[in-house]
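Close look at the chain arrangement
Residue-level listing of the chains:
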Amino acid sequence: MTRSVPRRHHDIADDLRQQITTGSIKPGERLPSEAGLAARYRVSTVTLRRALAVLQGEGLVEKIHGKGNFVRRPRRKSMYVGGWGTLDPWTAAEPTLRVTVRSTTVPASAHLTTLLKVPTGSPLAEYSCLSREYGAPHGLARIYIPRDLVPAGVLDDDSVCQEAATRFAVLGPSPTTIRETVSARSPTPDEASALRIGNSMAVLAITRIATDATGRVVEAALLAFPGGRADAVFTAHHVLHERPTQG
């Protein structure tokens, strides 16, 4: 008895998903061309693309422009350690993780003016850090420092600074206070493009503000991770104050 040929895009997605989860199609393997898959399932390329869009939204398939559709390699979650302002040591030390850093000088926009408490148009050093695992995007950080506070050697050949960038850690002067705001939201167009995710996938967004002893903001960082592959962990320390004894 022959198996019926799935026609609708959900049926096609189910069939391909089963092949991926059972290992019939291996991680990193390129799927047949869209035209070839459409012919195999006897559907139009429009229907076939809808099926692939379902798998792309689930994070099982990744479409690379000019190359085709590939089965995503399994990636473990990232962990961001709140209060320290960094990825956890195990994530940062993962040998398959690679971070590229690009630096430039930008004028403070309205949003950055609010975060850094500087006049509009003030010169800021911007560091864009993109981490990749097996060549696929893993996390994105945009770190801003007032230009006059940029320490010598940041992201040059200084190994300490390179390590800090790899961990998405604070790059500027050592802060006294770090304030972090965490939210789950839809990605911006730039984040969706950099992380290669669909607009329907939420991102774990962290806004980190580092302040020195005088109250000056020394750094603002905007971090984004695909929501299904990242956790943020915070530890609270409670201080008990003893009541003074009565004399």
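As the structure is a computational prediction, the values presented were derived from the model and not from experiment. (Residues numbered from 1 in each chain as written. Predicted model: local features only at pLDDT ≥ 70, side-chain atom pairs only at ≥ 80, totals over all residues. Heavy atoms only, no water.)

1. Focus on the packing of helix H1 (residues 9–21) against helix H3 (residues 45–57)
Packing of H1 against H3 leaves a shortest axis separation of 8 Å and a crossing angle of 50°. For the element pair H1 / H3, the angle class is oblique. Considering the relative orientation of H1 and H3, their crossing is right-handed. Across the interface between the two elements, His9, His10, Ile12, Ala13, Leu16 and Arg17 of H1 pack against Thr47, Leu48, Arg50, Ala51, Leu52, Val54 and Leu55 of H3. Here the contact of H1 with H3 is built from residues that sort into eight nonpolar, three polar and two charged. (Axes fitted to C-alpha atoms, helices over the stretch in contact; angles between N-to-C directions. Helix = DSSP H or I, 4+ residues; strand = E, 2+ residues; numbered from the N terminus. Parallel < 35°, antiparallel > 145°, perpendicular 65-115°, else oblique. Left-handed = near helix turned anticlockwise from the far one by under 90°. Contact = heavy atoms within 4.5 Å. Nonpolar A, V, L, I, M, F, W, Y, C, P; charged D, E, K, R; others polar.)

2. Remarks on the environment of Val218
Within the secondary structure, Val218 sits in strand S10 (residues 217–226). Take Val218: its relative accessible area is 2%, and that puts it in the buried class. Note: C-alpha distance between Val218 and Ser174 (44 residues apart in sequence) is 8.6 Å. Not counting the four nearest positions on each side in its chain, Val218 is found in contact with Tyr144, Ile145, Pro146, Leu149, Pro173, Pro175, Ala210, Thr211 and Asp212. (Buried < 20%, exposed > 50% of the residue type's maximum accessible area, 1.4 Å probe, protein only.)

3. With respect to the sheet that holds strand S3 (residues 78–81)
The strand order across the open sheet formed by three strands is S4-S3-S11, and the pairing between neighbours is mixed. Every other strand in the sheet has two partners, leaving strand S4 (86–87) and strand S11 (230–233) as the edge strands with one partner each. Where S3 lies against S4, two bridges are found, and the strand directions are antiparallel. Within S4, the residue paired with Val81 across the bridge is Thr86. (Pairing = 2+ DSSP bridges.)

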